[in-house]
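So the chains spell out like this:
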Amino acid sequence: MFFNAVSQDPRAVNVDLQTDAMLQVDISDALSERDKVKFTVHTKSTLPNFKQNEFSVVRQHEEFIWLHDSFVENEEYAGYIIPPAPPRPDFDASREKLQKLGEGEGSMTKEEFTKMKQELEAEYLAIFKKTVAMHEVFLCRVAAHPVLRKDLNFHVFLEYNQDLSVRGKNKKEKLEDFFKNVVKSADGVLVAGVKDVDDFFEHEKTFLLEYHNRVKDASAKSDRMIRSHKNAADDINRIFALLSYYPSNSNVGTMFGGFFKQKIEARIAADEDLKLADLLKYYLRESQAAKDLLYRRSRALVDYENANKALDKARAKNRDVLQAETSQQLCCHKFEKISESAKQELIDFKTRRVAAFRKNLVELAELELKHAKGNLQLLQGCLGILKGNT
Amino acid sequence: MADTARDAPPEQTDFHELEDGEELFPEPATTQESQPASLAAEDISTNSNGPKQDSLFDDDPEDLFAEATEEVSLDSPERDVLLSDGPSPAITPITPPTSVITPRIGHTHDDMFTHSSFDEIEEEEGGDSFDIHISVSDPEKVGDGMNAYMAYKVTTKTSISLFKRNEFAVKRRFSDFLGLHSKLASKYLHIGYIVPPAPEKSIVGMTKVKVGKEDQSSNEFVEKRRSALERYLMRTVKHPILLKDPDVLQFLESSELPRAVSTQALSSAGLLRMVNKAADAVNKMTIKMNESDAWFEEKQQHFENLDVQLRKLHTSVESLVCHRKELSVNTAQFAKSAAMLGNSEDHTALSRALSQLAEVEEKIDQLHQDQANADFYLFSELLGDYVRLLTAVKGVFDHRMKTWQKWQDSQMLLQKKREAEAKLQFTNKPDKLQQAKDEIKEEIEELEGKVQQGERDFEQISKTIRKEVSRFEKERVKDFKTIIIKYLESLVQTQQQLIKYWEAFLPEAKAIS
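Sequence order as written defines residue numbering, which begins from 1 separately in each chain. Chain letters and ligand numbers both follow the written order, the letters beginning at A and the numbers at 1. Only residues with pLDDT of at least 70 are given local features in this predicted model, and only at 80 or more are side-chain atom pairs given and counted; all residues enter the totals for whole chains, interfaces and linings. Hydrogen atoms and water are omitted, and side-chain values are computed over all heavy atoms in the structure.

Visitor: I keep staring at the overall build of chain A and nothing clicks. Help me out?
Guide: Secondary structure elements are taken from DSSP: a helix is a run of H or I of four residues or more, a strand is a run of E of two residues or more, and numbering for both begins at the N terminus. Helix and strand counts for chain A come out as nine helices and five strands. Each helix (α) and strand (β) of chain A, taken in turn from the N terminus, gives the series β-β-β-β-β-α-α-α-α-α-α-α-α-α. Working definition: with a 1.4 Å probe on protein chains only, accessible area under 20% of the residue-type maximum means buried, over 50% means exposed, and in between means partly exposed. Burial statistics for chain A: of 390 residues in total, 47% are counted as buried. Contact criterion: two residues are considered in contact whenever any of their non-hydrogen atoms come within 4.5 Å of each other. For chain A, contacts bridging at least 24 residues in sequence account for 73% of all contacts bridging at least 6. Surface exposure here means Shrake-Rupley accessible area, sampled with a 1.4 Å probe, where a residue is shielded only by the protein chains that are shown. Of the roughly 20800 Å² of accessible surface on chain A, a fraction of 54% belongs to carbon and sulfur atoms.

Visitor: Is there a simple way to explain the UniProt feature "coiled-coil region" (unreviewed entry) in chain A in this structure?
Guide: Under the UniProt annotation, "coiled-coil region" (unreviewed entry) lies at residues 297-324 of chain A. Taken end to end, residues 297-324 of chain A has its terminal C-alpha atoms 21 Å apart, with 89% of it in helix and 0% in strand. UniProt positions are given in the numbering used here, feature names are shortened, and annotations may be inferred rather than shown by experiment.

Visitor: What is the right way to look at the sheet that holds strand S2 (residues 149-158) of chain B in this model?
Guide: One key point about sheets: their strands pair by backbone hydrogen bonds, in either a parallel or an antiparallel sense. Residue and element names in this part refer to chain B. Strand order across the open sheet formed by three strands is S1-S2-S3, with antiparallel pairing between neighbours. In this open sheet, the two strands that pair with only one neighbour each are strand S1 (132-142) and strand S3 (167-173). Strand after strand, the sheet turns through a mean of 20 degrees between neighbouring axes, direction not considered. Only the stretch in contact is used when a helix axis is fitted, and all axes are lines through C-alpha atoms; the angle between N-to-C directions ranges over 0 to 180 degrees. Docked against the sheet, helix H7 (residues 246-253) engages S1, S2 and S3, running at close to 95 degrees with respect to S3. Here, strands pair whenever DSSP counts at least two bridges between them.

Visitor: Any chance you could explain the nonpolar core here in plain terms?
Guide: Across soluble globular proteins, you tend to see nonpolar side chains buried next to one another. Within the largest apolar cluster, 154 residues are counted, with the highest numbers of intra-cluster contacts made by B:Leu233, B:Leu252, B:Leu488 and B:Trp502. Looking at this core element by element, the count peaks at 23 residues for helix H10 (residues 348-424) of chain B. Of the residues that make up this core, three or more belong to each of domain 1 (130-259) and domain 2 (291-512) of chain B. Apart from residues lying up to four places away in sequence, B:Leu488 is in contact with A:Phe256, A:Leu379, A:Cys382, A:Leu383 and A:Leu386. A:Phe55, A:Tyr80, A:Leu139 and A:Val166 belong to the second largest nonpolar core, which has 32 residues in total. Grouping buried Ala, Val, Leu, Ile, Met, Phe, Trp, Tyr and Cys residues that are joined through side-chain atoms within 4.5 Å yields what is termed a nonpolar core. Each domain's limits were defined by an automated method or a database of domain assignments.

Visitor: How should I be thinking about the pairing of strand S4 (residues 37-45) of chain A in this particular structure?
Guide: Within a regular strand, side chains alternate between the sheet's two faces. Sheet analysis places strand S3 (residues 21-32) of chain A next to S4(A), joined by nine bridges and oriented antiparallel. Considered in S4(A), the bridge of A:Ile27 is made with A:Val41.

Visitor: How do you make sense of the domain arrangement of chain B when you look at a structure like this?
Guide: One frequently used descriptor of interface size is the decrease in accessible area upon assembly of the parts. Residue and element names in this part refer to chain B. Here chain B is partitioned into domain 1 (130-259) and domain 2 (291-512). Distance between the C-alpha centres of domain 1 and domain 2: 20 Å. At the junction of the two partners, domain 1 supplies 20 residues and domain 2 supplies 23 residues. As used here, buried area is the combined drop in accessible area, with a 1.4 Å probe, of two parts when they are placed together. Interface of domain 1 and domain 2: buried area, both sides summed, is about 1900 Å²; carbon and sulfur atoms make up 56% of it. Counting the surface domain 1 buries against domain 2, the share from its top three residues, Ile 194, Arg 231 and Arg 235, is 32%. Put simply, a salt bridge is a Lys or Arg side-chain nitrogen that is within 4 Å of an Asp or Glu carboxyl oxygen. At the junction of domain 1 with domain 2, the criterion picks out six salt bridges. Polar contacts, as counted here, are pairs of nitrogen or oxygen atoms within 3.5 Å of one another; within protein the pair requires one atom able to donate a hydrogen and one able to accept it, and residues that are adjacent in sequence qualify only if both atoms are side-chain atoms. Taken together, domain 1 and domain 2 are joined by six residue pairs in polar contact (both at pLDDT 80 or more). Examining the composition of the side of domain 1 that touches domain 2, we find that seven residues originate from one element, helix H5 (residues 216-238), more than from any other. Under this grouping Gly is polar, as are all residues other than the nonpolar Ala, Val, Leu, Ile, Met, Phe, Trp, Tyr, Cys and Pro and the charged Asp, Glu, Lys and Arg. Here the residues of the side of domain 1 that touches domain 2 sort into nine nonpolar, four polar and seven charged.

Visitor: Would you take a moment to explain a nonpolar patch on the surface for this structure?
Guide: Residues and elements named next belong to chain A. Like charges within 9 Å and nonpolar side chains (Val, Leu, Ile, Met, Phe, Trp, Tyr) within 5 Å are joined into patches, using only residues over 30% in relative accessible area that form no salt bridge. On the surface, a cluster of nonpolar side chains totalling about 410 Å² of accessible area is made up of Leu 175, Phe 178, Phe 179 and Val 182. Summarising the element assignment, Leu 175 is placed in helix H5 (residues 171-192). Residue classification places Leu 175 among the partly exposed residues on the basis of a relative accessible area of 49%.

Visitor: Honestly, the interface of chain A and chain B in this entry has me stumped. Any pointers?
Guide: Each partner contributes to the interface: chain A provides 54 residues, whereas chain B provides 54 residues. At the boundary of chain A with chain B, total buried surface from both sides reaches about 5200 Å², with 71% on carbon and sulfur atoms. Scanning the region where chain A abuts chain B turns up six salt bridges. Of the charged contacts in the structure, one is a salt bridge between B:Lys510 and A:Glu366, with a shortest N-O distance of 4.0 Å. Of all elements in the fold, only helix H6 (199-243), helix H8 (264-317) and helix H9 (321-388) of chain A reach the threshold of two or more residues within the side of chain A that touches chain B. Residues of the side of chain A that touches chain B, tallied by class, amount to 29 nonpolar, ten polar and 15 charged.

Visitor: I'm lost on the packing of helix H1 (residues 61-73) of chain A against helix H4 (residues 152-159) of chain A in this one. Help?
Guide: The description of two helices packed together rests on the angle between their axes and the distance between the axes. All names here are of chain A. At their nearest, the axes of H1 and H4 sit 10 Å apart, and the two run at 170 degrees to each other. Judged by the inter-axis angle, H1 sits roughly antiparallel to H4. At the point where H1 passes H4, the crossing takes the left-handed sense. Facing Glu 63, Phe 64, Trp 66, Leu 67, Ser 70 and Phe 71 of H1, the residues of H4 in contact are Asn 153, Phe 154 and Phe 157. Of the residues contributing to the contact of H1 with H4, the split by class is six nonpolar, two polar and one charged. Orientation labels follow simple angle bins: below 35 degrees gives roughly parallel, above 145 gives roughly antiparallel, 65 to 115 gives roughly perpendicular, and whatever is left gives oblique. Here a crossing is taken to be left-handed if its near helix is turned anticlockwise relative to the far helix by less than a right angle, and right-handed if that turn runs clockwise.

Have a look at this one:
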């Protein structure tokens, strides 16, 4: 299945005013194969690091994850909000449905079969578009970040036209990850208890914690709401399909048929999904990334304080003072570096968040209006015919 | 509902007048289903007072012409007619025997009409126009525990001279309605009248009400039943013959009604009914009728197709009602969640916008609820009614087959007896011969009478069915059209509200900076 992704997002445009170099990344094409998706990553850049000004490579999901993880593990980037990794493409549900349809082909009329097949294919396409968009957003965020865009791994990712030979994590590594996460969250709790002197960060901590939880809840509830909406839309569609058999007055039949073809309710549900549900899902992940940043900073703070204590102890005992001093200096430096960039990152996060919500909420309202007006027109047209046709 | 009280003497039910304050269940404001009955100028003769075989049909000749429909050819079964009249050579013409009135040309049905018009004597009743309106209201729980039941107030407003007064009310319980239907069915179904079926029993629903659970679902159940009873009565009285039936009149007018015990599901009458139904089903499979009239075959096919379509539609609408209710619940939950999110958002303008979004979603939730109710009461219930009505229609066709079978059986028997008589001529026992000959002659005479009667019955039921079917189709088209218009209007309202809400929200969203 071929699909040409369209970069709708302004996040795709990046102009680095400082170095006067342009770096623009998008996913120009994508191919869905049996159990993987191949993304064509297209780059336009005037940066001197690259051999050409414009080039493309093919990447798979695992390679995106590798890139993301390399950022997370890089100590240099501890003070930045790492753009959240795109979720794994999940066509399982859709594939299952298509398969079931294929199996049940004999038991329904050709018309029904074609119709259902079209619907399922449209669903598949929608999921496909979404996963492409999410991978693209990740790349664009990296390309927009003043520091991350210079990352070597990122450049390799963009330019190296061979397979990166990044295999997915095997069981052992996944288990290691699991334990790491457990340790991290336990640590996170400890570290969160440390009161921060800095008001800004103290406020951010409290805010982010609550915000993250509420976004999680809103995201789950919006998903449920939209799923119900899709179910109702399917029913409405079926009803209009049945009603469109109205031969005694072909005008009315055509009207009902029009409802059926337009599938307005289904589109409303799809748009709500795009503008509302996806927005919330994205900021769920971003707020988690912001929380991670705060965690790293708190961790650094704790290390710094511990290093201070160790230094005092060493001075008191007059043993290993130099070592303790070096260690303390390192921790101090690390902490201050993180604090500095973290502040800016969090401010940027807020700006981005507000802009994204504004854009999506406005678009949501506009789409809802457009569909409601379209619906209204169809309905009134239908009523006119029915009432006039005594 | 299950009247589990099985004591022998039918109790005189005490209906006491309901004072306004006593309403246990708030009566919802909707009475959308009870349309003022207005069949165009159908006259009612006071003579037909029961299932007389040669009952007099009254048709205003003007109406016939207005209603004559074009024959629609059925191209393929699926394209069948949900909302149109379907193939129906209209109504039996009544004018002078020689002219054929129906405007279509080249249809063999016309022969049936011309020949049958000899038999019809039309009588016109001067004065009365069809004007009767029945409402079922004020459901009131009477009694306690498992012996409790709901009493409904049945109010009739009418100007028809059949009734003693213009406006009157009585109290009835569900089993009374079932009893009425049972009586009408036994009187009229087998001669070809489409008797509207009564609403279905629901043991679960009623038990909840009896037990005293005054929650949402038992309120909904009572309302659903009240509405169904009202529609049932209206359909029944719209039928010109049924309206004049003394049982119907008694049901509407008399303050006390003997309890209909035989409607209990587990009574002996109930069991007998079930056995009969099973026997019927078997018999139906074995009757192979020589259909000499293509009209009946076509109509039966038409009703089969209609049945399939209606059931499909009904299922879809029921599914929609269910999903919309779900949607309403989930929207409300999302609204709350969005409000919380707005609270924790520290950018003021965004926070405000999110709160506004939450409000919009709350209002939309209410819209969904109202829409779900409309879906249900307007659309789903109507479809359910028609699915059940179609069963009655099919039943009537089956009765015609049975009548035909009876006629054929008598004929075959007559044939045999005649053969036996012929054989008798050639026996050689003179003493027994005369006696036997006389016996057979008697039997033959009797059988000849039966055969003639059978043929008359068959023709009569065929004629009745034609009339009934055309009346049914007319009503159906009208009903559906009215309901669909109402439903679309409710949808229009919803969309208009949605536009209002989102238009109010848009500037808030744009104000985020």
